[in-house]
Amino acid sequence: MRQGNDNPLALIERLRSEPWWEDIWDSTQISRSNYWPGWRETCAELQTEVERDKWAMGIRERLKTFTEDPEALDKWLSEKNNNLQPETM
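The rules behind the values
- Residues numbered from 1 in each chain as written.
- Predicted model: local features only at pLDDT ≥ 70, side-chain atom pairs only at ≥ 80, totals over all residues.
- Heavy atoms only, no water.
- Axes fitted to C-alpha atoms, helices over the stretch in contact; angles between N-to-C directions.
- Helix = DSSP H or I, 4+ residues; strand = E, 2+ residues; numbered from the N terminus.
- Parallel < 35°, antiparallel > 145°, perpendicular 65-115°, else oblique.
- Contact = heavy atoms within 4.5 Å.
- Nonpolar A, V, L, I, M, F, W, Y, C, P; charged D, E, K, R; others polar.
- Phe/Tyr/Trp six-rings, centres within 6.5 Å; stacked < 30°, edge-to-face > 60°.
- Buried < 20%, exposed > 50% of the residue type's maximum accessible area, 1.4 Å probe, protein only.

A. Just the packing of helix 3 (residues 39-52) against helix 4 (residues 54-68), in detail. Interhelical geometry of helix 3 versus helix 4 gives an angle of 105 degrees and a closest axis separation of 5 Å. Between helix 3 and helix 4, the angle falls in the class roughly perpendicular. Each of Gln47, Val50, Glu51 and Arg52 in helix 3 lies in contact with helix 4, whose residues at this interface are Lys54, Ala56, Met57 and Arg60. Of the residues assigned to the contact of helix 3 with helix 4, the class counts are three nonpolar, one polar and four charged.

What follows is the structure in structure tokens.
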């Protein structure tokens, strides 16, 4: 996919039931899977970009909070403004 030889939409269709889109955000999951050729390299590049971007890092931290504290997710879902970006940004 990184070389432009695979259609990303076809790839996504084949992986519809796989959690690849969640694993991209969680650096601890990247090495556990190999969804497509170049998966780990693609994720490494994305991780670098996320770490450079304050907004993306805020979203990553919010998602991590939801994983660690299900009550935080329930509270967030009950709010009218479901913005993934933390308030401190």
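B. View of the packing of aromatic side chains. For the structure on display, the rule yields three aromatic pairs. Considering the side-chain rings of Tyr35 and Trp39, the 4.7 Å spacing of their centres and the 85 degrees angle between planes classify their relative orientation as edge-to-face. Accessibility classification places Tyr35 together with Trp39 in one group, the buried group. Through pairs of rings, three or more aromatic residues link up here, namely Tyr35, Trp36 and Trp39.

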